[in-house]
Amino acid sequence: MPLETVDALVVRVSDWSETSRIVTLFTRQHGKMRALAKGGRRLRSPFESSLDLLNHDRMVLIRKLTGGLHLLTESSQVGRFSFLKRDLEALNGAYLVAELLGDWVEENDPHPALFDAAVTCLQDLDGGAWQPKDRLVVFELKLLLELGYRPELSGCVGCGKRAERGVAAFAFASGGLVCRECRRSQRGWRELQESCWKLAGALVADLEAGRDGSGELGSVEEATRREVRRWLGEYLSWIRGRRPRLLGWQEG
Ligand SMILES: [Zn+2]
């Protein structure tokens, strides 16, 4: 069986036996992978502290091509995020990153740009320069873009009419704004203030241009940013069919 080296973020850890652990990884090379770390619970384990949640590791594993758990043979830390483990807001943000990745990414479905975005997000949370709830908005939009759920915020998804001033409606099933006429045929939608759909649209444009959204968020008042967080939380929950556990924190 082939030995493989992967770049990985640890997004879930569970105990398997007295001495072993199962880790769920989001890898740059293969998307999600679940691996057994034999001896991973021993004090002097071959993996040292690299199996902790949210670590960025380089791991060597025996990759099972027929399904089942891969077998971890070696791992070493690449990035250590030490600040965010001491700051509750940053830590909540990081847990939400782990939850979303563990929940949304599939096995054998690599998304290297999303992997890089997750590492950058954790670094930013660790650096303390961003408001963690806002930083998660940027990450969640990136997740949506990478996984094919780009929200359309410039015009009506039904007829193409450009969004006008004022309150607009966002239709969850269609993933975009709908005008008054097209709204009638939609099941689930919610209203968005002009400041909100404009900010969300600007953030999407920023990410698509390879920027990080900080310029857009810097000049906007908290009420608008909160409305964007709530809309985004509803959209994520709608697509996935359940609410991420840590959404309550982000929406506050
Ligand atoms: Zn329309």
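Residues numbered from 1 in each chain as written. Predicted model: local features only at pLDDT ≥ 70, side-chain atom pairs only at ≥ 80, totals over all residues. Heavy atoms only, no water.

Novice: Any chance you could explain unusual backbone geometry here in plain terms?
Specialist: Backbone geometry follows two general trends: most residues other than glycine have a negative phi, and most peptide bonds adopt the trans configuration. Phi angles above zero are rare outside glycine, and Leu54 is one such case at about 75°. Within the fold, Leu54 resides in the loop between β3 (31–37) and β4 (56–62). (Helix = DSSP H or I, 4+ residues; strand = E, 2+ residues; numbered from the N terminus.)

Novice: What is the right way to look at the pattern of salt bridges in this model?
Specialist: Opposite charge on two side chains lets them pair, provided their charged atoms get close. Overall, the coordinates contain 23 salt bridges when judged by the stated rule. Across the pair Asp15 and Arg21 runs a salt bridge, and its minimum N-O distance is 3.4 Å. Close ionic contact of Asp134 with Arg225 constitutes a salt bridge, the shortest N to O distance being 2.7 Å. Remark: Arg225 occurs in helix α7 (residues 222–240) and Asp134 occurs in helix α3 (residues 132–146); sequence separation between them is 91 residues. Side by side, Asp134 and Arg225 carry an identical accessibility label, which is buried. (Salt bridge = Lys/Arg side-chain N within 4 Å of Asp/Glu carboxyl O. Buried < 20%, exposed > 50% of the residue type's maximum accessible area, 1.4 Å probe, protein only.)

Novice: Whenever I open this one, the coordination of the zinc ion confuses me. Can you help?
Specialist: Ligation of the zinc ion by protein atoms is provided by Cys156 (SG), Cys159 (SG), Cys179 (SG) and Cys182 (SG), these donors lying 2.3 Å from the ion. Each of the four donor atoms around the zinc ion contributes to a set of angles spanning 103 to 115°, which defines the coordination as tetrahedral. By relative accessible area, which is 7% here, Cys156 ends up buried. A residue is classified by how much of its surface remains accessible, and Cys179, at 11% relative accessible area, is buried. (Donors = N, O, S within 2.8 Å, 3.2 Å for Na, K, Ca; no water. Tetrahedral: all angles 85-135°; square planar, octahedral: opposite > 155°, others 65-115°.)

Novice: Looking at this structure, how should I read the environment of Gly233?
Specialist: When you line up the elements, Gly233 lands in helix α7. With residues up to four places along the chain from it excluded, the contact list for Gly233 reads Leu247 and Glu251. (Contact = heavy atoms within 4.5 Å.)

Novice: Teacher, can you tell me more about the packing of aromatic side chains here?
Specialist: Pairs of aromatic rings are described using the distance from one ring centre to the other and the angle between the two planes. All told, the structure shown has seven aromatic pairs when counted by the stated rule. Between Phe170 and Phe172, the ring centres sit 5.8 Å apart and the planes meet at 70°, which makes this aromatic pair edge-to-face. This pair shows no difference in class: Phe170 is buried, exactly as Phe172 is. Judged by centre distance (5.1 Å) and plane angle (75°), the rings of Phe170 and Tyr235 are edge-to-face. Placement of the pair is Phe170 in strand β6 (residues 168–171) and Tyr235 in helix α7, with a sequence separation of 65 residues. Accessibility assignment for this pair places Phe170 and Tyr235 in one class, buried. (Phe/Tyr/Trp six-rings, centres within 6.5 Å; stacked < 30°, edge-to-face > 60°.)

Novice: So what exactly am I meant to see when it comes to the side chain of Arg135 here?
Specialist: By secondary structure assignment, the location of Arg135 is in helix α3. Among the residues examined, Arg135 registers a relative accessible area of 5% and is labelled buried. Contact partners of Arg135, with chain neighbours within four places excluded, come to Ala117, Thr120, Cys121, Asp124, Leu125 and Trp130.

Novice: Please explain the nonpolar core as it appears in this structure.
Specialist: General note: in soluble globular proteins, nonpolar side chains tend to be found buried as a group. Judged by nonpolar contacts, the single largest core of 53 residues is most densely connected at Leu84, Leu101, Leu122, Phe139, Leu141, Leu153 and Trp231. Those elements that provide at least two residues to this core are β1 (3–15), α1 (88–104), α2 (112–127), α3, β6, α5 (194–208) and α7. By residue number, the principal contributor to this core is α1, which donates nine residues. Built from parts of two domains, this core gets at least three residues from each of domain 1 (3–81) and domain 2 (149–251). With residues near it in sequence (within four places) discarded, Leu101 still touches Leu9, Val11, Phe26, Leu114, Ala118, Phe139 and Leu143. Core analysis: the second largest hydrophobic core is formed by 13 residues, Val6, Val23, Leu51 and Met59 among them. (Core = buried A, V, L, I, M, F, W, Y, C linked by side-chain atoms within 4.5 Å. Domains from an automatic or database assignment.)

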